Every structure is written in C-alpha cells, then in structure tokens.
Amino acid sequence: MSEEFLLLNPGPVPLSEEVRRAMDQPMVSHRSAEFEAVYERAQDGLEYVFSESTLDGESTGDGTPLILNGTATMGMEMAVANLTDEDSEVVALVNGKFGRRFKRIADRHADVTPVEVEWGEAFDLGAVEAAVTDDTEMVTVVHNETSTGLLNPVSEVGEVARDRDATFVVDGVTSIGGDEFRIDDWSVDVAVTDGQKALAAPPGISTVYVTDRAIERADGEGAPFYEDIDWHLRKADTHQTPFTSAVPLFRALAVAVEGIESEGMPRRIRRHRRQARAFREGFAAMGLDRFPDPAGPTELSNTLTAIELPEELKGDAGAFFDAVAERNVSISGGQAHLGGEIFRVSNMGNLAPDQILRGVRVVGEAMNDAGVDCDVEAGLAAARDELDQ
Ligand SMILES: Cc1ncc(COP(=O)(O)O)c(C=O)c1O
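Residues numbered from 1 in each chain as written. Predicted model: local features only at pLDDT ≥ 70, side-chain atom pairs only at ≥ 80, totals over all residues.

Participant: Got a minute to help me understand the sheet that holds strand β6 (residues 144–145) in this structure?
Facilitator: The strands that make up a sheet pair up through hydrogen bonds in the backbone, lying either parallel or antiparallel. Pairing within the open sheet is antiparallel, and its three strands lie in the order β6-β7-β11. Looking at which strands have only one partner, the edges of the open sheet turn out to be β6 and β11 (299–300). As paired strands, strand β7 (residues 150–151) and β11 are joined by two bridges and run antiparallel to one another. Residue pairing for β11: leucine 151 is matched across the bridge by glutamate 299. (Pairing = 2+ DSSP bridges. Helix = DSSP H or I, 4+ residues; strand = E, 2+ residues; numbered from the N terminus.)

This is how it looks when you write it as structure tokens:
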C-alpha cells in the first residue's frame, strides 16, 4: 500500500485536520458578528505570533496585524505602495527570487537602487551601508530567501536603515511562524508573511504587521484602493476587511494561529531548527552538497533546505523528481535560473519527526533510482540524531 501524500514544498504546506474542517462550515456574511469573532481570533493569534517570535520569551512589536485577501505579494505591494511615491528612493536587497520580486514591486512605485549579489550568496554589509543614504526612504529585504535557503541578516540591515531613518520593510514570508523574528530589536517597520507557509494555513490569505512608526509615515497620498493601509487599519479595528473577506480562509487562519499559540513560539522555533538540521545533516550524510553559501551573519534557513543537484543530474533531473513523486512525496526544484541546479524541501508548519525522516529517505532512494549513489541508512541515522536532540 502506498504511503499517504506528503507535501514538502516550501508552500503551500500540509494542513491539520482542524484547519481543513474549519473551511467546511456554512457560509456567513463578512459583515456578521460571527465573522467578526473569527477575524478577532485570527488577529489575536497573529498578534501572538508577531510579538512572541523570540527564543528568549521576550515580546517585541508595537503595531497591528492586518489580514489580506491575497498571497504575500499583495502584502509586499501594500507596504511599498503606501509608504513611497514616485520620488522616493528605495534600496532593495536582492540575492534570490523574492528579493528580486520586492525590487520589481518597488520599481513600479519609486526610484530603486538595488544591492544585488548572486542568488544564494551573502550580502556585503559594507555595500548595503554605502547604498543607504540620508535620502533613502525605504529599505526592503527578504529574511528567509525561499529560492535559495538563506537567512539574510535582518538585524544588521535594520541597523543601517534605522541609522538613516529609512522605513524598513521585511519579507518574513517563510520565517515568521517558524523561526525567530524580532520586530523591535531588528528595527522592522513593516513585516509581511503568508498563511500558506510557516503559519500552516491555506494559500490565498496573508498578513502584514504594521508598526505604529510605519502607520505615522503612511500619509495616504497615492495609496492603492484595494491595499490602502489606512482603510485596512480602520476596518481591522472593527474586525472586518474593507472588501468581502475570504471567509473560509479567515476561519482556517484563526484555527492555524491558535494551534501555534498552543505549541508556543519558542518551542515551535526550536522544533523548526531541529527539523531543518535533520534535513541538512541527513542529506550531507548521504553525500549531497548544500546549495547556499552563507558568510558572516548570513545563515542557513531553518525552515527550508536547498541542496545542489549532483553534477550527473544537473540540467536533467527528471528521473530524480519522478522517483520522488512516485513515492507520493512532493518537493520543489530550483526557481528561475536555478531550475535544474538545486532541489528544495520545506519543514514549515506542523510536520512530525517521521515526516522529516520520510523526506530524507525518499530523496536518498530517488537519487539511487536516478543513478546517484546515496547511503540512505547513513542519511536516516544522521537525521535521527538531530531529531533526538
Ligand atoms: C520569501 C517569499 N516572499 C513572498 C512570497 C509570495 O509569493 P506569492 O504571493 O506568489 O505566494 C513567497 C512565496 O513563495 C516567498 O517564499
């Protein structure tokens, strides 16, 4: 009998039974008291996630979580479009697909200076310091770059932005809810995250944490209609959205964030770190090389792992990916020019240790099927060692 389907893509991630059931309820109006109660539960849970995403139990953050009908790109655009105008200078840090997306969004609204390095490489903080001047109004960065598996140094970049009084907008899409994220300590003004990632909610709903400092800076001029921060804030006060809410997704999000609160953020962060180490060490013990190249304060992601495809599979890894899919597991390849160069697995959400071990085993077996010699037992032993810690 084949094993149950296991989704290990870096989003969307598997949903719990409770989250799935929350979507299968009779419909209510988005202007009803029933809906407002759902929105409030989701807000409370998000407030918890954004302010308690620390390992030391310290709370950070002084702002408001807004919930959006749309994926995280909408939140990225909301931040940029509300807080800049065509004369604004934005410094956009790019070392992967999502850093590039932030730059592309900013290009449509402002005047952008990119700080760009190869995808998968660490930023030179000296170059960041040189690019951000007293005229810079906004700095954008991706915390956990999903396309490469790198954790960018938000704290250090935030210091540079704060020194120059620039608004600091951070994409925490694949870190928030699974890894440490310190809004105040890192000088973050706006943080964006998505339901379908470490929050373990379905795709189609995202959230933006707007600090009081950012709210003061949003003057409303040129704000987009659907993503008007001020309008969203006013409606959020009454536990509603300006336009029709995606009711089933809000219900699912409320249950998902309540689940996070039950686990507790520090515990959840430690679990994600342990599980990422299990993937990393498991793959390394099978002889596979990691892809990204961290340096200085840049680290490897704790929510997803990117591995270089062995030379013999580069550019033609169909046999490997097919062998993974035949085992009823879904993983991701590389994006854009990294297609055919790497593969990526996620440990975001609520995965059990057995599911991590299955990911290691299936990758090893699929490599063997594709003609790459991998010691699956060595990989499993190394992964188990990490999971047992
Ligand atoms: C780092 C990061 N930012 C933003 C996004 C949002 O992408 P989308 O709006 O296409 O879901 C993603 C999705 O994978 C992501 O990983």
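Participant: Explain the environment of cysteine 374 here, please?
Facilitator: The residue cysteine 374 is located in the loop between α12 (353–369) and α13 (376–387) in this model. Here the alpha-carbon distance between cysteine 374 and glycine 287, two residues 87 residues apart in the chain, equals 6.5 Å. The contact partners of cysteine 374, leaving out residues within four places of it in the chain, are Met286, Gly287, Gly364, Met367, Asn368 and Gly379. (Contact = placed C-beta atoms within 7 Å.)

Participant: Sorry if this is basic, but what is going on with the site of the ligand here?
Facilitator: In the vicinity of the ligand, the contacting residues are Gly11, Thr71, Ala72, Thr73, Phe98, Val142, Thr146, Asp171, Val173, Thr174 and Asp194. Partitioning the shell around the ligand into residue classes produces four nonpolar, five polar and two charged. (Near = placed C-beta within 6 Å. Nonpolar A, V, L, I, M, F, W, Y, C, P; charged D, E, K, R; others polar.)

Participant: Whenever I open this one, the packing of helix α3 (residues 72–83) against helix α4 (residues 97–109) confuses me. Can you help?
Facilitator: When two helices pack together, their arrangement is given by the angle between the helix axes and by the axis-to-axis distance. It is the contact of α3 with α4, at a shortest axis distance of 10 Å, that shows an interaxial angle of 40°. Of the possible angle classes, the one that applies to α3 and α4 is oblique. You can see that α3 and α4 cross each other, and the crossing is right-handed. Mapping the contact onto sequence places Thr73, Met76, Glu77, Val80 and Ala81 in α3 and Arg101, Phe102, Ile105, Ala106 and His109 in α4. Within the contact of α3 with α4, the residues separate by chemical class into six nonpolar, two polar and two charged. (Axes fitted to C-alpha atoms, helices over the stretch in contact; angles between N-to-C directions. Parallel < 35°, antiparallel > 145°, perpendicular 65-115°, else oblique. Left-handed = near helix turned anticlockwise from the far one by under 90°.)

Participant: What am I meant to see in the sheet that holds strand β4 (residues 111–116) here?
Facilitator: Taken in spatial order, the seven strands make up an open sheet running β2-β10-β9-β8-β5-β3-β4, and their pairing is mixed. Strands with a single pairing partner mark the edges of an open sheet, and in this sheet they are β2 (63–69) and β4. Strand-to-strand, the axes of this sheet are offset by a mean angle of 20°, without reference to chain direction. By the bridge criterion, five bridges tie strand β5 (residues 136–142) to strand β8 (residues 167–171) in an arrangement that is parallel. Bridge pairing in β8 links valine 139 to phenylalanine 168.

Participant: Help me understand the domain arrangement of the protein in this model?
Facilitator: As a measure of interface size, the accessible area lost when the parts come together is often cited. When the domains of the protein are assigned, the result is domain 1 (6–12 + 265–387) and domain 2 (17–263). At the junction of the two partners, domain 1 supplies 32 residues and domain 2 supplies 35 residues. Secondary structure elements with two or more residues in the side of domain 1 that touches domain 2: α10 (265–285), β11 and β12 (304–308). Considering each element in turn, the side of domain 1 that touches domain 2 owes the most residues, six residues, to α10. Residue composition of the side of domain 1 that touches domain 2, grouped by class: 16 nonpolar, 11 polar and five charged. (Domains from an automatic or database assignment.)

Participant: Explanation requested: the pairing of β5 in the structure shown.
Facilitator: Looking along a regular strand, one sees the side chains alternate between the two faces of the sheet. Of all seven residues in β5, five are buried; the element is thus mostly enclosed. Pairing of strand β3 (residues 89–94) with β5, which is carried by four bridges, proceeds in the parallel orientation. Its bridge partner lying in β5, alanine 92 is registered against threonine 140. (Buried ≥ 20, exposed ≤ 12 C-beta atoms within 10 Å, placed from the backbone.)

Participant: Is there a simple way to explain the nonpolar core in this structure?
Facilitator: For soluble globular proteins, nonpolar side chains are generally found buried alongside one another. Among the nonpolar cores identified, the biggest contains 120 residues, and Ala191, Phe250, Leu253 and Ala256 are the most heavily contacted of them. Take this core: its biggest share by element is 10 residues, from helix α9 (residues 247–263). Two domains each provide a minimum of three residues to this core, namely domain 1 (6–12 + 265–387) and domain 2 (17–263). Those residues in contact with alanine 256 that sit more than four places away from it in its chain are Val19, Leu199, Ala200 and Ala201. (Core = buried A, V, L, I, M, F, W, Y, C linked by C-beta atoms within 7 Å.)

Participant: Would you take a moment to explain the environment of valine 157 for this structure?
Facilitator: Examined against the element boundaries, valine 157 turns out to sit in helix α6 (residues 154–163). Expressed as a C-alpha distance, the spacing of valine 157 and glutamate 121, which sit 36 residues apart in the sequence, is 15 Å. Contact partners of valine 157, with chain neighbours within four places excluded, come to Leu93, Val128, Val139 and Val141.

Participant: So what exactly am I meant to see when it comes to the packing of α10 against α13 here?
Facilitator: Here α10 crosses α13 at 155°, and the two axes come no closer than 7 Å. Overall, the two elements α10 and α13 adopt an arrangement that is roughly antiparallel. α13 is crossed by α10, and the crossing has right-handed handedness. Residues Arg274, Arg277, Ala278, Glu281, Gly282, Phe283, Ala284 and Ala285 of α10 touch α13, and the partners they reach there are Ala378, Gly379, Leu380, Ala381, Ala382, Ala383, Glu386 and Leu387. Split into classes, the residues belonging to the contact of α10 with α13 amount to 10 nonpolar, two polar and four charged.

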